[in-house]
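Now for the letters of each chain:
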Amino acid sequence: MPSFELDGKTVEFEPGEKILSAAMRAGIQIPHYCYHPGMSVVATCRMCMVDVIDMGNGRPAPKLQTSCSMDAVEGMKVETMNEKVKDAKELVMEYLLINHPLDCPICDQSGECVLQDYSFEFGSGKSEMEYSKRVYGWRDIGTFVALERNRCIHCTRCDRFTREITGTNEFGMFNRGHELTVDTYSDRPMTNQFQGNMADICPVGAITEKEFRFKRRVWKLKKTPSICVGCSTGCNVTIEYDKNEVFRLKPRDNPDVNKWWMCDQGRLTYKDLNIRENRIAHPLGKTAEGFQEISWENAFSAIREKISELQPTSNEVIGLVDTHASNEELYLFKKLLKEGFDSDQLFFPDLEWEQPVSDFFINSLITSDKSPNRAGARMLGLKGAKSSEEVTSKIPTGTKVLLVFGKPFEDENLLSQTGTIPLVINIAAWQSGWSETADVTLPGRLHSEKDATYTNKAGRVQRVNTAIRAFHKTRPDWMVLCGLMELLDVDNKADSAEAVFQELSENEKGFQGLQWESIGSDGINAAQFDEDPGRNEVSELSKTA
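Right, let's walk through the structure included here. Values in this document were obtained by computation on a predicted structure and should not be read as measured data.

What follows is about the overall build of the protein. From N to C terminus, the protein includes 15 helices and 25 strands. Considering only C-alpha atoms, the protein reaches an extent of 90 × 50 × 45 Å along its principal axes. Taken as a whole, the protein presents about 24,600 Å² of accessible surface, with 48% of it coming from carbon and sulfur. Distance between charge centroids for the protein: 4 Å, based on 64 positive and 82 negative side chains.

Here it is as structure tokens:
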């Protein structure tokens, strides 16, 4: 690769790549506001100016250049920290702060504000301007974000986002000079489903999430990499939490999945991670008086005795699982039925789903498949069922044991039919019709409370990590399934989610060769992935996003 010199360091670049982009890829930070790798270059903020002392031909550039817009050239020499550049950065900072309010104590962006950081690092700490600051009125611009126009530094990221990323064009720059401002058109609020991204890309506190306003200072938040389980796209996110409460989900950069974006619907799934009222916090057993809390030992003992009494054959054991279960849980559930009961009657909801196809990548993030691991169930060879009626027809008369993982096919007719089965076991984190029907309910955990892997709609295997402390009397779902296998004398040596995944990758063709460590934070493509026959591509114009 060709290279140039940046502050005495050699930096390689792709032909046609800009100085700023090459520097960032090499881990060298050049301050900037308006530049974003996912959008067009406008060079409006002037913060990324550098001194090109040799343009590759032995001659210097006649003036400072914006590194975001200038092509890197073989043999070029660039300086970012000399006095000439420092003076320019001080002037830019002074200009930006002329009208910026002193809102830091009450601003949600405080603690992750680039303007704060650059003011400290590159600002002069003084200003020659003594005029009153410009003040704009309050504007309600959207359903998901709030606008504080007084804080805006006119980087135009938000404007370019609605033009180039969503294609909805409902946000823009108005007026000229001192009166320049950002706003929606014709006083209409935004309704697109990706507004939260505007808060992410805003370098200051001009655009903030309504859901997060005034709830926590960002420096108090702990951060754990994970994925969004709101649909089968599996956008890479960071779970941000404090004192065991999740406050927001933020997208993580992953060019192979969601790039820099995620939908507002996915952001709102953080609320589910905090709900406690409908959670199953301990094992439950059905008695004549109703459901009672029991110990894990008593739960497993009761299950062992009942199975021993029933002596079910392979045709008398049925398993139902929803595709919110991880790869490890699906694999162990399949193994439990096969080696514990010699049954392959394991069904998951296999509904048809729509995949929007658009000229704008971001519109493809939302699918109608609202489960995170349908692809994993298919790759593991589980049987799909289109509806609860189809499942009802596949449950033969005389079924003795029904194992339900999660809350699949939750239908009154199916629940009433399975209510006559002698032993119904439900493994779930949430209360449902199945937990009210089951003879024994074993509490599981949410994806934010365990280590696991999921396979998204494109066959990419991705990891989630433990962030939130689970209820004390719950257990990771893989451990619950291993406990059931132990009481059925099924050979099992797994002692962690990682060990289960290792066994899965050795035994399942679609996952062969994958290693837990190699999945990393960005995921890895499955060894073998076949296109989902239930996927229906639907043309979706940007204006309908």
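From this point, the discussion proceeds with the structure in view.
Quick look at the pattern of salt bridges now. Tallied over the entire structure, the rule returns 34 salt bridges. As a salt-bridge pair, Arg267 and Asp200 come within 2.4 Å of each other at their nearest N and O atoms. Of this pair, Arg267 sits in helix H6 (residues 264-267) while Asp200 sits in helix H5 (residues 196-201), placing them 67 residues apart in sequence. Among the residues examined, Asp200 registers a relative accessible area of 23% and is labelled partly exposed. Between Glu240 and Lys223 there is a salt bridge, with its nearest N and O atoms 4.0 Å apart. Of this pair, Glu240 sits in strand E11 (residues 236-242) while Lys223 sits in strand E10 (residues 222-227), and the two are 17 residues apart along the sequence. Salt bridges sharing common partners tie together Asp200, Glu209, Lys250, Asp264 and Arg267.

Looking at the secondary structure, you find Lys450 in the loop between strand E21 (440-443) and strand E22 (452-455). Here the side chain of Lys450 touches Arg445 through a polar contact of 3.1 Å, landing on its backbone oxygen. Residues within four places of Lys450 in sequence aside, it is in contact with Glu329, Arg445, Val464, Asn465, Thr466 and Asp477.

The final tally for this structure, using the stated rule, is nine aromatic pairs. Centre to centre, the rings of Tyr33 and Tyr118 are 5.2 Å apart; their planes meet at 65°, and the pair counts as edge-to-face. Of this pair, Tyr33 sits in the loop between helix H1 (19-25) and strand E3 (49-54) while Tyr118 is found in helix H3 (residues 114-122), placing the two residues 85 residues apart along the sequence. Comparing Tyr33 with Tyr118 shows no difference in burial state: the two are buried. Pairing Trp296 with Phe300 gives two aromatic rings, centres 5.8 Å apart and planes at 40°, and the pair type is tilted. Within this pair, Trp296 and its partner Phe300 are both found in helix H7 (residues 296-310), separated by four residues, close to a single helical turn.

For the rest of this paragraph, the subject is the sheet that holds strand E23 (residues 460-464). Here three strands make up an open sheet; going across it, the order is E22-E23-E24 and the pairing antiparallel. Single-partner strands in this sheet number two, and they are E22 and strand E24 (524-525). Both E23 and E24 contribute to a ladder of two bridges, which runs antiparallel. Bridged to Arg460 within E24 is Asn525. Most of the contacts of helix H8 (residues 327-341) go to E22, to which it runs at about 90°, and overall it touches E22 and E23.

The next point concerns the packing of H8 against helix H13 (residues 477-487). Viewed as axis vectors pointing N to C, H8 and H13 meet at an angle of 10°, and their least axial separation amounts to 9 Å. In terms of their interaxial angle, H8 and H13 are classed as roughly parallel. For the pair H8 and H13, the contacting residues are Glu329, Leu332, Phe333, Lys335 and Leu336 in the first and Asp477, Trp478, Leu481, Cys482, Leu484 and Met485 in the second. For the contact of H8 with H13, the per-class residue count stands at eight nonpolar, no polar and three charged.

Looking now at the nonpolar core. Membership of the largest hydrophobic core comes to 50 residues, with the highest contact counts inside it found for Val321, Phe333, Leu403, Leu442 and Leu484. Leaving out residues up to four positions away in the same chain, Val321 has contacts with Leu330, Phe333, Leu346, Phe347, Phe348, Pro349, Leu382, Phe405 and Pro408.

The subject of this paragraph is the sheet that holds strand E13 (residues 284-287). Strand order in the open sheet formed by eight strands is E14-E13-E21-E20-E19-E15-E16-E18, and the pairing between neighbours is mixed. Looking at which strands have only one partner, the edges of the open sheet turn out to be strand E14 (290-293) and strand E18 (383-385). Going across the sheet, the axis of each strand differs from the next one's by a mean of 25°, ignoring polarity. Across five bridges, the pairing between strand E15 (residues 317-321) and strand E19 (residues 401-405) is parallel. Each residue of the ladder has a partner; that of Leu320, found in E19, is Val404. Sitting on the sheet, H7 touches E19, strand E20 (423-428) and E21, and the angle it makes with E21 is about 140°.

Before going further, it helps to spend a moment on the environment of Ala494. Structurally, the position occupied by Ala494 is in the loop between H13 and helix H14 (497-507). Note on Ala494: relative accessible area 14%, which makes it buried. For Ala494 and Trp478, which are 16 residues apart along the polypeptide, the C-alpha to C-alpha distance reads 9.0 Å. Sequence-distant contacts of Ala494, that is, excluding residues within four places in its chain, are made with Trp478, Cys482, Ala499 and Val500.

This part is about helix H2 (residues 83-97). Here H2 is 15 residues long and its end C-alpha atoms lie 21 Å apart, about the 21 Å a rise of 1.5 Å per residue gives. For H2, the set of buried residues is Val85, Ala88, Lys89, Val92, Met93, Glu94 and Leu96. On the buried face of H2, the contacting elements are E3, strand E5 (77-79) and H3.

A separate point is the packing of H8 against H14. Axis separation between H8 and H14 bottoms out at 9 Å; the angle between their running directions is 65°. The orientation of H8 with respect to H14, classified from their angle, is roughly perpendicular. In terms of crossing hand, the pair formed by H8 and H14 is left-handed. Of H14, the residues touching H8 (which contributes Asn327, Glu328, Tyr331, Leu332 and Lys335) are Ala497, Val500, Phe501, Glu503, Leu504 and Asn507. Split by residue class, the contact of H8 with H14 holds six nonpolar, two polar and three charged.

Definitions and limits used
Residues numbered from 1 in each chain as written. Predicted model: local features only at pLDDT ≥ 70, side-chain atom pairs only at ≥ 80, totals over all residues. Heavy atoms only, no water. Helix = DSSP H or I, 4+ residues; strand = E, 2+ residues; numbered from the N terminus. Areas by Shrake-Rupley, 256 points an atom, 1.4 Å probe, with all protein chains shown as cover. Lys, Arg positive; Asp, Glu negative; His and termini not counted. Charge placed at Lys NZ, Arg CZ, Asp CG, Glu CD. Salt bridge = Lys/Arg side-chain N within 4 Å of Asp/Glu carboxyl O. Buried < 20%, exposed > 50% of the residue type's maximum accessible area, 1.4 Å probe, protein only. Polar contact = N/O pair within 3.5 Å; in protein donor to acceptor, adjacent residues only side chain to side chain. Contact = heavy atoms within 4.5 Å. Phe/Tyr/Trp six-rings, centres within 6.5 Å; stacked < 30°, edge-to-face > 60°. Pairing = 2+ DSSP bridges. Axes fitted to C-alpha atoms, helices over the stretch in contact; angles between N-to-C directions. Parallel < 35°, antiparallel > 145°, perpendicular 65-115°, else oblique. Nonpolar A, V, L, I, M, F, W, Y, C, P; charged D, E, K, R; others polar. Core = buried A, V, L, I, M, F, W, Y, C linked by side-chain atoms within 4.5 Å. Expected span 1.5 Å × (residues − 1). Left-handed = near helix turned anticlockwise from the far one by under 90°.

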